[in-house]
Amino acid sequence: MRLLLSFLCFAPLLAHIHSEDQLFGIVGETFTFPVEIKQNIEEITWKKNKDKVAEWEGQNTPIYFTPLRNRSTLKKNGHLTIYNLEKNDAGTYELHYWDSQNEYNLKFILDVLDPPSEPKINWNIEGDNLVLNCTSDFKMPLNYTWKLTNDPQSHQSQEFSIPVKNVDATKNATCFITFSQTEKSSEISLFECISGKKGYNSDKRNRILIVIPVFFMLAVGVVLFLWVRDGNKCERGSCAQNSPGVPLEARGSGECEQLFSRDHQAQLDSNREPSAMQNSIQTSECAGDLSITEEEVTQGAEGGHGEHLNNCLKCNTEDLKCFSDQMMEERL
């Protein structure tokens, strides 16, 4: 009888005792404990590992204690929010609150995890299907979502299969992983997957690898040809511009070379004429100095003394006297 009475007395209190709830948060996230309280609360106290971290009473402002000071918020409905979650925030949290009649207790075990790694996409050709698989290093189950470029549909699974004949090689496949408030993604080109399949577009890919170097060599050849041709035009143009007397219509054409050749020959002939005049003058001077006529000097040259005459013109007066003596002997 006493045990029955004791149980009936404590039954209402036991109804407000909840079992421990295991919760998970990610480093850097904003985390709020899932508390649902419907009655009016007059006093609230939050503890972590038996130490107070926040409390509120009546109309007073909430008070925060280390280690949640300046990075937590306590609301009147009992919600405790921790900003910029840290690894050392992990622990056992207890909520004590009172209404006008009773005291209530809730307990939570918070585990703070490192963020999941960037998702890694693996692919394989299985029969007639392209199979994509997404993985991440994380100890808790993740939510996986696949999306294709410009495709509004999404696929909720870790593995995504596409018939090879329906693959659009211009699109990318993106894998999204989510846990709590954290989301990460990775993408892969479907062309990269399909091009790796033996026999699929291999000829086309090989043609591309051959055509690109050929086009490059042709482009280099065209550039070199244009460079050499422009260089020749520049030389001919310079010839026409620097040659006086060349008609404007002949400049820059093949006539330039012929005109330049004729002008060069005329210049050589003009250089010879002064030499002939100089020889005549020297002959006259020689004749005057030796008391012989210019005609005699010329005849002597024609009579076989040309070599002496040439030497005379190049030598001094004493050499000319020798030539003059020879001419006098021929007179006698």
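My aim in this report is to walk through the structure given alongside it, one point at a time. (Residues numbered from 1 in each chain as written. Predicted model: local features only at pLDDT ≥ 70, side-chain atom pairs only at ≥ 80, totals over all residues. Heavy atoms only, no water.)

### Overview of the sheet that holds strand β10 (residues 120-126)
On the basis of which strands lie adjacent, the open sheet formed by three strands has the order β10-β11-β14 and antiparallel pairing. A single partner strand is all that each edge strand has here, and the edge strands are β10 and β14 (159-163). Pairwise comparison of adjacent strand axes, ignoring direction, gives a mean angle of 20 degrees for this sheet. Where strand β11 (residues 129-135) and β14 come together, five bridges link them in antiparallel fashion. Residue Val131 lies in a different strand from β14, and its bridge partner there is Ser161. (Pairing = 2+ DSSP bridges. Helix = DSSP H or I, 4+ residues; strand = E, 2+ residues; numbered from the N terminus. Axes fitted to C-alpha atoms, helices over the stretch in contact; angles between N-to-C directions.)

### Some words on the side chain of Glu94
Residue placement: Glu94 occurs in strand β8 (residues 91-98). Glu94 has contacts with Thr45, Trp46, Lys47, Lys50, Leu106 and Lys107, leaving out every residue within four places of it along the chain. (Contact = heavy atoms within 4.5 Å.)

### As for the nonpolar core
In terms of nonpolar packing, the biggest core is built from 24 residues, with Phe33 and Trp46 touching the most fellow members. Elements supplying a minimum of two residues to this core: β3 (43-48), β4 (51-57), β7 (80-82), β8 and β9 (103-113). At five residues, the largest contribution of residues to this core is made by β9. In this structure, Phe33 is in contact with Leu23, Trp46, His79, Leu80, Ile82, Tyr93, Phe108 and Leu110, ignoring residues within four places of it in sequence. Counting 23 residues, the second largest nonpolar core, distinct from the first, contains Ile26, Leu130, Phe138 and Trp146. (Core = buried A, V, L, I, M, F, W, Y, C linked by side-chain atoms within 4.5 Å. Buried < 20%, exposed > 50% of the residue type's maximum accessible area, 1.4 Å probe, protein only.)

### Describing the pattern of salt bridges
In a structure, side chains of opposite charge can pair up when their charged atoms sit close to one another. What the rule picks out here adds up to five salt bridges. Residue Lys50 is joined to Glu94 by a salt bridge in which the shortest nitrogen-to-oxygen separation is 3.3 Å. Here Lys50, found in the loop between β3 and β4, pairs with Glu94, found in strand β8; they are 44 residues apart in sequence, far enough to count as distant. The class for Lys50 is exposed, based on a relative accessible area of 61%. In this structure, Glu55 and Lys52 form a salt bridge, with 3.0 Å as the shortest nitrogen-oxygen distance. With relative accessibility at 40%, the residue Lys52 sits in the partly exposed group. What emerges from the salt-bridge pattern is a single network uniting Arg71, Glu86 and Asp89. (Salt bridge = Lys/Arg side-chain N within 4 Å of Asp/Glu carboxyl O.)

### Some thoughts on the environment of Lys52
Mapping Lys52 onto the fold places it in strand β4. Taking the C-alpha atoms as reference, Lys52 lies 6.6 Å from Phe65; in sequence the two are 13 residues apart. Once residues within four sequence positions are removed from consideration, Lys52 is found in contact with Thr45, Trp46, Lys47, Phe65 and Thr66.

Coordinates in, geometry out; function isn't part of it.
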